[in-house]
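Chain by chain, the residues run as shown.
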Amino acid sequence: MKCDQLSIFLENRAGRLAEVTRLLSEAKVNIRALSLADTSDFGILRLIVSDFDKAQKTLKDAGFTVGKTTVVAVVVDDHPGGLHSLLEMLRNASINVEYMYAFVQQSGNNAVIIFRFDRTDQAIELLAENNIQMIPSEELSKL
Amino acid sequence: MIFDIDKETMPREELEALQLKRLKQLCERVYANVPFYTKKFKELGITPDDINSLSDLQKLPFTEKQDLRNHYPFGLFAVSRENIVRIHSSSGTTGKATVVGYTKRDIANWAGLMARAFAMAGATPEDIIHNAYGYGLFTGGLGVHYGAEALGATIIPISGGGTRRQIMLLKDFGATAICCTPSYALYLYETGKEMGIDFRELPLKVGIFGAEPWTESMRREIEDKLNIKALDIYGLSEIMGPGVAMECAEAQDGLHIMEDHFIPEIINPDTGELAKPGEVGELVVTTLTKEGIPLIRYRTRDLTKITYTPCRCGRTLARMQRVKGRSDDMLIIRGVNVFPSQIESILIETEGLSPHYLLEIHRDGNLDILTIKVEVAGTAFSDEIKNLQSLERKIQRNIKEFLGVTARIKLVEPNSIERSTGKAKRIVDLRNENQ
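Residues numbered from 1 in each chain as written. Chains lettered and ligands numbered in written order. Predicted model: local features only at pLDDT ≥ 70, side-chain atom pairs only at ≥ 80, totals over all residues. Heavy atoms only, no water.

Whenever I open this one, the overall build of chain A confuses me. Can you help?
Counting its secondary structure elements, chain A contains five helices and six strands. Helices (α) and strands (β) of chain A occur, in sequence order from the N terminus, as β-α-β-β-α-β-α-β-β-α-α. Scaling as 2.2 N^0.38, a compact globule of 143 residues should have a C-alpha radius of gyration of about 15 Å, and chain A matches this with 16 Å. Buried residues in chain A amount to 47% of all 143 residues. The contacts in chain A between residues at least 6 apart in sequence include a share of 68% that link residues at least 24 apart. Counting 15 positive and 19 negative side-chain charges, chain A places the centres of these two groups 7 Å from one another. (Helix = DSSP H or I, 4+ residues; strand = E, 2+ residues; numbered from the N terminus. Rg over C-alpha atoms; globule rule 2.2 N^0.38 Å. Buried < 20%, exposed > 50% of the residue type's maximum accessible area, 1.4 Å probe, protein only. Contact = heavy atoms within 4.5 Å. Lys, Arg positive; Asp, Glu negative; His and termini not counted. Charge placed at Lys NZ, Arg CZ, Asp CG, Glu CD.)

Please clarify how the overall build of chain B should be interpreted in this entry.
Helix and strand counts for chain B stand at eleven helices and 21 strands. Over its C-alpha atoms chain B spans a radius of gyration of 22 Å, differing by no more than 12% from the 22 Å that the globule rule assigns to 435 residues. Per-residue burial for chain B yields a buried fraction of 55% across its 435 residues. A separation threshold of at least 6 residues defines the contact pool for chain B, and within that pool the share at least 24 residues apart is 66%. As presented, chain B carries roughly 18,300 Å² of accessible surface, and 49% of it is formed by carbon and sulfur atoms. (Areas by Shrake-Rupley, 256 points an atom, 1.4 Å probe, with all protein chains shown as cover.)

Where do I start with the packing of helix α2 (residues 12-33) of chain B against helix α3 (residues 35-43) of chain B in this structure?
Two numbers describe a pair of packed helices, the interaxial angle and the distance between the axes. All names here are of chain B. Taken N-terminus to C-terminus, the directions of α2 and α3 make an angle of 105°; their axes are 5 Å apart at the nearest point. It follows from the interaxial angle that α2 and α3 lie roughly perpendicular. Two secondary-structure elements touch here, α2 through Cys27, Val30, Tyr31 and Asn33 and α3 through Pro35, Tyr37, Thr38, Phe41 and Lys42. Considering only residue class, the contact of α2 with α3 consists of six nonpolar, two polar and one charged. (Axes fitted to C-alpha atoms, helices over the stretch in contact; angles between N-to-C directions. Parallel < 35°, antiparallel > 145°, perpendicular 65-115°, else oblique. Nonpolar A, V, L, I, M, F, W, Y, C, P; charged D, E, K, R; others polar.)

It is not clear to me how unusual backbone geometry should be interpreted in this structure. Could you clarify?
Glycine aside, residues mostly have negative phi angles, and peptide bonds mostly take the trans form. Omega for the bond connecting tyrosine 72 of chain B with proline 73 of chain B falls within 30 degrees of zero, at -5°, which places this linkage in the cis form. Inspection of the secondary structure assignment puts proline 73 of chain B in the loop between α4 (65-70) and β1 (86-89). Positive phi outside glycine occurs at serine 94 of chain A, with the angle close to 55°. Turning to its location among the elements, serine 94 of chain A is positioned in the loop between α3 (82-92) and β5 (97-104). Phi at asparagine 131 of chain A takes a positive value of approximately 55°, unusual for a residue other than glycine. Inspection of the secondary structure puts asparagine 131 of chain A in the loop between α4 (120-129) and α5 (137-142). Accessibility expressed as a relative area gives 71% for asparagine 131 of chain A, which makes it exposed.

Honestly, the confidence of the model for chain A in this entry has me stumped. Any pointers?
For residues with low pLDDT, the predicted coordinates do not support detailed interpretation. On average, residues of chain A score 90 in pLDDT, and 97% of them reach the 70 mark or higher. Looking over chain A, one finds the lowest element-wise mean pLDDT in α5 of chain A, namely 82, and the highest in helix α1 (residues 16-26) of chain A, namely 95. (pLDDT = per-residue confidence, 0-100.)

For this particular structure, what's the right way to read the nonpolar core?
Note on soluble globular proteins: their nonpolar side chains tend to be buried together. All names here are of chain B. Core analysis: the largest hydrophobic core is formed by 74 residues, its most contacted members being Leu23, Leu60, Phe118, Tyr234, Met246 and Met320. Broken down by element, the residue count for this core peaks at eight residues, all from helix α5 (residues 104-120). Residues within four places of methionine 246 in sequence aside, it is in contact with Ala117, Met120, Ala121, Ile208, Leu231, Asp232, Ile233, Gly254, Leu255, His256 and Met258. Counting 31 residues, the second largest nonpolar core, distinct from the first, contains Ile333, Ile346, Ala380 and Leu411. (Core = buried A, V, L, I, M, F, W, Y, C linked by side-chain atoms within 4.5 Å.)

Where do I start with the packing of α1 of chain A against helix α2 (residues 52-61) of chain A in this structure?
All names here are of chain A. Packing of α1 against α2 leaves a shortest axis separation of 10 Å and a crossing angle of 125°. Between α1 and α2, the crossing angle belongs to the class labelled oblique. In this structure, α1 crosses over α2, and the sense of that crossing is right-handed. On α2, the residues that touch Val20, Leu23 and Leu24 of α1 are Ala55, Thr58 and Leu59. (Left-handed = near helix turned anticlockwise from the far one by under 90°.)

Where do I start with the environment of methionine 195 of chain B in this structure?
Residues and elements named next belong to chain B. Counting through the fold element by element, methionine 195 comes out in the loop between α8 (182-194) and β6 (206-209). Since its relative accessible area comes to 27%, methionine 195 is described here as partly exposed. In the structure, methionine 195 is positioned 113 residues away from glutamate 82 in sequence and 49 Å away in space, judged by C-alpha atoms. The residues touching methionine 195, leaving out its near neighbours within four places in the chain, are Arg164 and Ile167.

Looking at this model, I keep getting lost on the interface of chain B and chain A. Mind explaining?
One widely used convention gives an interface's size as the accessible area the parts lose upon coming together. Facing the 18 residues of chain B at the interface are 24 residues of chain A. Buried area between chain B and chain A, both sides added, is near 1,600 Å², and the carbon and sulfur share of it is 55%. When the buried area of chain B at its contact with chain A is split by residue, Phe381, Asp383 and Glu413 of chain B rank highest and sum to 42% of it. Lysine 386 of chain B is paired through a salt bridge with glutamate 98 of chain A; the nearest N and O atoms lie 2.6 Å apart. Across the chain B-chain A interface, the total number found is eleven residue pairs in polar contact (both at pLDDT 80 or more). (Buried area = accessible area lost by both parts, 1.4 Å probe. Salt bridge = Lys/Arg side-chain N within 4 Å of Asp/Glu carboxyl O. Polar contact = N/O pair within 3.5 Å; in protein donor to acceptor, adjacent residues only side chain to side chain.)

This is the structure:
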């Protein structure tokens, strides 16, 4: 249930983000989900893409610092309290969320949340025990 | 192998006798042929006859870079122009260029000294020397070139630039020695890696690096990555070019100064007085044999110290410590002396950081602000902001702890700091921009 997320180091300079999207577009890689964390000097762009290896190679060859991070994609009911009950469950198991970002599936009733946990294996186990739906890597890249 | 065993292992008494004889001849030459020195001697009330021992050297005046600039281009030459067979010149980036001229004998002496330097690195006529120093007015390229030929080795005069081609030829020609700046050596390694070439698999054995200050930690990094022995060479165009001093492969412990051609002194850069034995100060060099443009007590601005204890390689020549910086490159940040080389050491020793960095200093009100731009190399990267921020804090803490200066650390993308094939540019001082 682990998914590969691409993390890219970006300086806060005009056009750096556009450079990433241009390279991915030329390589015909589709972006499924993204989040950008930033400070005044630099940012980290996190991406779920249709073809991880191709995206990683394309950006590396262009001189970007890229990393591979293991994340978990969790399906959450799109109604009030849906996310809360999930976070409660994690809290009770003392699993820390390093960061997360969400996207809503097209024509669906569910939201997908990408989680980066401090203890990924335990988190997956816990979610599986509680019948929480997770999206496997291959499926996520095809969404 | 010792190239010139008579001179390089001369007992000190004999060496000093030779130096004194040559010093007296030098004084006579410049007094008779260089109006600048005639005037200086007269102002100080001395003549060449007053030089009767090596300690009389201190009676003689200093020569400064500015003196060469003031006599641009040929005003300090001691021979007529038709006896000059080659001209070299500095780039003139910090002011008017300094111009030096060489006679036939100067060129032959220089080649001989560079051949000694190659032998100190363990090179023999069997070796193939890849020379990536720039050819042209800069002394590095041609200095190395003639020295390699004097040794009888095979020289590849590739000069600077065209990095990917350099790597291809390093591989195809099987060079066993390389000459370039230390920062370019690391750039070659990085580019080689991108091309899928592992330097450890090349026949390269030794690198002779100079033309910019570097550090012991950078040496270790080069030796590790390129799987070679990395040696330091010293020279400057005003004195001759590369080969004024060279580290031996046996000891890697200081650079042997070619004392039969140059007399070194260490002075306090502020007072001009001789430093105590073994103390760090500014290197001052008197050229004993140069004909084209002999210089008396030339202030190099390079900071080092000298030891006279014989080296375990068998040479008796004095050794200077690797240059830790230039007295005019030293940054004074809020009253604290800082050398780029010190910052470089700290960065290299902080896990996973690249040795490519840039120091920017600007003034905010009356306060100097030092910003250090550091490239985030592969292993130092994390997908979490907090880890990168803690890396910044770690660098900041180390700089504060070792240098006593608070610096702003700015992580930048790989390869965003300009690479140079010559001297790396490490400092951007904007403090006088708005005044």
